Amino acid sequence: MKKAYTFRIYPNKNQEVKLNRTLSTCRHLYNDSLEERKREAELNNLERDFGVFSWGKPQWITYEDQANALPESKTSFQKEVFSQVLQNVLKRLDRSFENFFGGNGYPRFKGMNRYNTFTYPQKGFGIEDGKINLSKIGSIRMFLHRDIQGKIKTCTIKKDVDTWYVIFTTEIEREIKKVPVETIIGIDVGLKSLLTLSNGEQIEPPRFLRMSEDKLIKEQRKLSKKKLRSKNRNKQRIKVARVHRKIRNQRKDFAHKTGRMLVDHYDRIVFEKLQIRNMVKNHCLAKSISDAGWGQLIRMTISKAEEAGKSVIQVNPNGTSQTCVCGYPVPKDLSVRVHNCPDCGLVLPRDHVSAIIIENRGKNVGTDCTEFTPVEIGPILC
Ligand SMILES: [Zn+2]
């Protein structure tokens, strides 16, 4: 079982400079390596189209090629960074290429404020006297507010606007007994920022989250009016980033509490499989708890369920809003809020009906076959 622990760290001025330099070096390495792979891919395409190459057939560049070349080609900046941290940068790039081949967008170059984490994947770090010891950086004060369970596997340093965090991922070897499924709940994640449970209950994100979201829109509008590359723009950018952080924390908190409540009350929790890509396109959702927020809720529920020996299942979402519990098709567009079945006479709010259908779909699957494989809940990379 994997777990992630986040603690705030307090670097001194000198250390903060080193942390920022490390980030910058990693970002440059990322961009340069991406450039290299991109160029090589273009050459390959040319070769494919024209067939002749006076300087020989170009090779595809892989993670291994780049990692092997790294020790030889280190710049003076890179020599100041722990070598596994640099390797991890290449690994990240490789992963984003894998995602690309799996149907996601082409890896992008990372701008100045778009590269906020670096990782010690195995060693080069340690905890001593309540401080985090980082190779090539130093011993940084840390607020260790809870015990770490399990063996620490990786250590990631993260910059969030003007604060720094360390994230440890650990692995715990523990036999968890599966709880027999007695209670089951279906959950419809609605367009209107709320969850509807198959027992008819609704869970709404707290009001202050909404308020922060309104504030974000306001601050963002201000930002768009500031002159490019001006001092004021930079100040405003930091302001916006702070509101973002606040929202992120509030969402996370909401997801934690909701996930905890679900796992405490139910043995099997059924969500519909979110089609994140479609949702992102849908702008009217932006105001509600965002798509990323739903994904986070599901991930957290999964990890909590896992620890408790319970299960989370994601079922096919097709038609959950267009049929009746009895199976009769009841097509309705988004404006129709009440479900009214001409066949069996069922009248209920539409989200409630969807939740019941989701629950039923979750009932019908075996415990293992479609159970959602727990995703790694490690740090979300920038
Ligand atoms: Zn019906």
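About the thresholds
- Residues numbered from 1 in each chain as written.
- Predicted model: local features only at pLDDT ≥ 70, side-chain atom pairs only at ≥ 80, totals over all residues.
- Heavy atoms only, no water.
- Pairing = 2+ DSSP bridges.
- Helix = DSSP H or I, 4+ residues; strand = E, 2+ residues; numbered from the N terminus.
- Contact = heavy atoms within 4.5 Å.
- Axes fitted to C-alpha atoms, helices over the stretch in contact; angles between N-to-C directions.
- Buried < 20%, exposed > 50% of the residue type's maximum accessible area, 1.4 Å probe, protein only.
- Phe/Tyr/Trp six-rings, centres within 6.5 Å; stacked < 30°, edge-to-face > 60°.
- Lys NZ or Arg CZ within 6 Å of the ring centre and 35° of its normal.

A. Up close: the sheet that holds strand β8 (residues 184-189). Spatial strand order, β10-β9-β8-β11-β12: 5 strands in an open sheet with mixed pairing. Two strands lie at the open edges of the sheet, namely β10 (202-203) and β12 (311-315), each paired on one side alone. Where strand β9 (residues 195-197) lies against β10, 2 bridges are found, and the strand directions are antiparallel. Within β10, the position partnered with L195 by the bridge is I203. Across the sheet, helix α9 (residues 350-363) is in contact with β8, β9, β11 (268-272) and β12; its angle to β8 comes to roughly 135 degrees.

B. Summary view of the pairing of β8. When you tally the buried positions in β8, you get 6 out of 6 residues, the bulk of the element. Neither face of β8 is exposed, since I184, G186 and D188 on one face and I185, I187 and V189 on the opposite face are all buried. As paired strands, β8 and β11 are joined by 4 bridges and run parallel to one another. Residue pairing in the sheet places G186 in a bridge with V270 of β11. Direction of pairing for β8 relative to β9: antiparallel, over a ladder of 3 bridges. Looking across to β9, one finds that I187 is bridged to L197.

C. Spotlight on the environment of R146. Inspection of the secondary structure assignment puts R146 in the loop between β5 (138-142) and β6 (151-160). Separated by 139 residues in sequence, R146 and F7 place their C-alpha atoms 8.8 Å apart. In contact with R146, other than residues within four places in its own chain, are A4, Y5 and F7.

D. Geometry of the packing of aromatic side chains. Taken as a whole and assessed by the stated rule, the structure comprises 11 aromatic pairs. Aromatic pair Y5 and F7: ring centres 6.5 Å apart, planes at 10 degrees, arrangement stacked. Taking the centre distance of 4.9 Å and the plane angle of 80 degrees together, the rings of F100 and Y106 count as edge-to-face. One aromatic cluster is present, built from ring pairs that chain together Y5, F7, F82, F118, Y120, F125 and F168. Of note, R37 hangs over the ring of F97, and the distance from its end group to the ring centre comes to 4.2 Å. In this structure, K91 is placed above the aromatic ring of Y63, and the distance from its NZ or CZ to the ring centre is 4.2 Å.

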